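# Structure assessment
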Amino acid sequence: MHEKIIILDFGSQTTQLIGRRIRELNVYCEVFPFNKFPHDTTGIKGVILSGSPYSVYDDGVFKADLTNLRGKYPLLGICYGAQYLAYTSGGSVEPAQSREYGRAHLSVVDNNNPLLKNIGAGTQVWMSHGDTITFLPPSFRVIASTDDVQAAAYQIEGENTFGVQFHPEVYHTTDGMRLLDNFLNICGYKKDWTPASFIESTVTGLKNQLKEDKVILALSGGVDSSVTAVLLNRAIGKNLTCIFVNHGLLRKNEFEDVLKDYEHLGLNVIGVDASAKFYKELEGVTDPEQKRKIIGKGFIDVFDEEARKLEDIKWLGQGTIYPDVIESLSITGTVIKSHHNVGGLPEKMHLKLIEPLRLLFKDEVRRVGEELGMMPHLIKRHPFPGPGLGIRILGDITPEKVRILQEADHIYMSLMREWGLYDTIWQAGAILLPVRSVGVMGDDRTYENTIALRAVTSKDAMTADWAQLPYDFLSKVSNEIINKVKGVNRVVYDISSKPPATIEWE
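Residues numbered from 1 in each chain as written. Predicted model: local features only at pLDDT ≥ 70, side-chain atom pairs only at ≥ 80, totals over all residues. Heavy atoms only, no water.

## Quick word on the environment of Glu504
By secondary structure assignment, the location of Glu504 is in the segment after strand 18 (488–493). The exposure class of Glu504 is buried, given its relative accessible area of 14%. Taking C-alpha positions, Glu504 is 29 Å from Ser128, a pair spaced 376 residues apart along the chain. Here Glu504 is in contact with Pro385, Ile391, Arg392 and Gln427, once residues within four sequence places are set aside. (Helix = DSSP H or I, 4+ residues; strand = E, 2+ residues; numbered from the N terminus. Buried < 20%, exposed > 50% of the residue type's maximum accessible area, 1.4 Å probe, protein only. Contact = heavy atoms within 4.5 Å.)

## Comments concerning the nonpolar core
Counting 52 residues, the largest nonpolar core has Tyr412, Met416, Ile451, Leu453, Leu469 and Ile481 as the members making the most contacts within it. Setting aside chain neighbours within four positions, we find Ile451 in contact with Leu405, Ala408, Ala430, Ile431, Leu432, Ile481, Val488, Arg490, Val491 and Val492. (Core = buried A, V, L, I, M, F, W, Y, C linked by side-chain atoms within 4.5 Å.)

## Some points on the pattern of salt bridges
Applying the stated criterion across every chain yields a total of 26 salt bridges. A salt bridge links Lys252 to Glu407; its shortest N-O distance comes to 3.1 Å. Within this pair, whereas Lys252 is found in the loop between strand 11 (240–246) and helix 6 (254–264), its partner Glu407 is found in helix 13 (residues 399–418), the two being separated by 155 residues in sequence. Judged by its relative accessible area of 26%, Lys252 is partly exposed. Here Glu407 falls in the partly exposed class, since its relative accessible area comes to 25%. A salt bridge links Glu281 to Lys277, with the shortest nitrogen-to-oxygen separation between them at 2.8 Å. Of the two residues, Glu281 and Lys277 both sit in helix 7 (residues 275–282), four residues apart, roughly one turn of that helix. One network of salt bridges, in which partners are shared, links Lys476, Glu480 and Lys484. (Salt bridge = Lys/Arg side-chain N within 4 Å of Asp/Glu carboxyl O.)

## Some details on the confidence of the model for the protein chain
Looking at the protein chain as a whole, the pLDDT averages 89, with 92% of positions reaching at least 70. Per-residue pLDDT stays below 50 along residues 332–340; that stretch engages in 20 contacts with residues further than four places along the chain or on separate chains. (pLDDT = per-residue confidence, 0-100.)

## Remarks on the packing of aromatic side chains
Here the structure, examined in full by the defined rule, presents 17 aromatic pairs. For the pair Phe10 and Tyr80, a centre-to-centre distance of 5.3 Å together with 45° between the ring planes defines the contact as tilted. Within this pair, whereas Phe10 is found in the loop between strand 1 (4–9) and helix 1 (15–24), its partner Tyr80 is found in helix 2 (residues 80–87), the two being separated by 70 residues in sequence. Of the two residues, Phe10 and Tyr80, both sit in the buried class. Arranged with centres 6.1 Å apart and planes meeting at 20°, the rings of Phe299 and Phe303 form a pair that is stacked. Here Phe303 and Phe299 lie together in helix 8 (residues 288–307), a separation of four residues that amounts to about one turn. Comparing Phe299 with Phe303 shows no difference in burial state: the two are buried. Among the aromatic residues, those joined into a cluster by ring pairs are Phe10, Phe34, Tyr54, Phe62, Tyr80 and Tyr84. One Lys or Arg, Arg21, reaches over the ring of Tyr171 and ends 4.2 Å from the middle of that ring. The cationic tip of Arg417 hangs over the ring face of Tyr422; the distance from NZ or CZ to the ring centre is 4.1 Å. (Phe/Tyr/Trp six-rings, centres within 6.5 Å; stacked < 30°, edge-to-face > 60°. Lys NZ or Arg CZ within 6 Å of the ring centre and 35° of its normal.)

## Description of the pairing of strand 9 (residues 161–164)
Of the two faces of strand 9, both are covered, the one formed by Thr161 and Gly163 as well as the one formed by Phe162 and Val164. Pairing geometry for strand 4 (residues 75–78) and strand 9, over four bridges, is parallel. The residue bridging Leu75 from the neighbouring strand is Thr161, located in strand 9. Judged from the four bridges that link them, strand 8 (residues 153–156) and strand 9 form a sheet pairing that is antiparallel. Each bridged residue has a counterpart across the sheet, and for Gln155 the counterpart in strand 9 is Phe162. The antiparallel hairpin formed by strand 8 and strand 9 contains four residues in its connecting segment, where Gly158 sits at a positive phi of about 80°. (Pairing = 2+ DSSP bridges.)

## Comments concerning empty space enclosed by the protein
One pass over the structure, following the stated rule, counts three cavities of 30 Å³ or more. In this structure, the largest cavity encloses a volume near 70 Å³. As for the largest cavity, its lining consists of Arg23, Asn26, Trp193, Thr194, Pro195, Phe198, Leu360, Glu364, Arg367 and Val368. Those elements giving two or more residues to the lining of the largest cavity turn out to be helix 4 (195–210) and helix 11 (362–371). Among the elements that line the lining of the largest cavity, the one with the most residues is helix 11, at three residues. (1 Å grid on protein atoms, 1.4 Å probe; cavity = no way out; pocket = protein on both sides within 12 Å on 5 of 7 lines; lining within 4 Å. Points joined across faces, edges and corners; volume = space filled by probe spheres on them.)

## Some points on the pairing of strand 10 (residues 214–219)
In terms of burial, strand 10 is largely enclosed, as five of its six residues are buried. Here strand 10 pairs with strand 13 (residues 313–317) via four bridges, running parallel. Along strand 13, the bridge assignment pairs Lys214 with Ile313. Pairing geometry for strand 10 and strand 11, over five bridges, is parallel. When the bridges of strand 11 are listed, Leu219 appears paired with Phe244.

Given below as structure tokens:
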């Protein structure tokens, strides 16, 4: 059983980021709603209180009883967490004269304090709060200040309880990782949470749990389902059967290429080409949500049909990852979003669910894949939507439109790899617009389709910036698409960020 840190979530947008930072320091952590501290305290050696969109003095504010935690575990309150600790101990928290948002610098630092070891005055921190602590209770001692915030960091005397009014988890806080590492040292962690240790404990756990039971897994070609398959294959070998459904909306040659990759990994895979079925059911449909539902239901039907040909299946494997688990709970622990990749199948087929990656973040999944010896192009593959090109063809879907988009997308992705740009991008793809425009090819006027190119950079897909790709690269892509893809005479580049736009167009 790994030692772990518990992060109590008070609704901050950066709670997941705190978790990722702790994991990067090779310490296992779990996120719980602020009022759901786990009953099983085995292995817990420290607690972090997250930020919050609320003020500590608001009506209906998120309140947690910390009396059983203070003194028992080292505590670190971040932003709201720091203010909550001070406020509930008799301190004062009031609206700041102006919202403190953005970069600041620590002007005073107690270098003897273990939380601030090797952090000097002048280091940059990131503030994001509308309130500030204006009075600390007598036992609270200031250990760092900025020009505008006197109690930028504090410790409660006689306790390993700390508060910081800045965000150490964000990239803009220069020594944020060092501060979090110092806190983990205060907690006394061994820092043994690594991809290798995860694989070893997970494979052992799967063997014990599944024994001789048979498992089916829906493969998508993506990182999560592929790593899930390799882990399960290590644990149960021939008792795992994978099903890879081609809905006709994959990238060019992807069905054949992915099947070869899976063969190389030694997986038992059934490939099903159901393109004709999906094209027929999608005929004339233009509403994006309806397209998604048809593709989702069609996938379930095909998967169900194939799975029923197999005997004695007891488990359904899924590539659910930790952000899915966190997002599926509201702050009060109520399920608000279902993340079953093949929703409804476990109940429909009377199968139990097995999710080996449900406690990993996306970057950890990739590191586990590397440790498993998987091919880099499988691990570093950009996220690709479940409905595939179905939501990158705006309007109705036809085999001819799929052909056009597959060819344009293939040129875009191939050149991105050729120019060494692929691994610098979070996600990229081509979109076929329901827009036709006049063009000139040779001596003829044309009236043909428009392709939009999309490429974004992101850390976690919650926000994304459009990628500033080189002009000569974009020029090359545009010329290649227009010259080689029959039916396209215009290429445009999407320079919208998320928010307000989304990564996908539908």
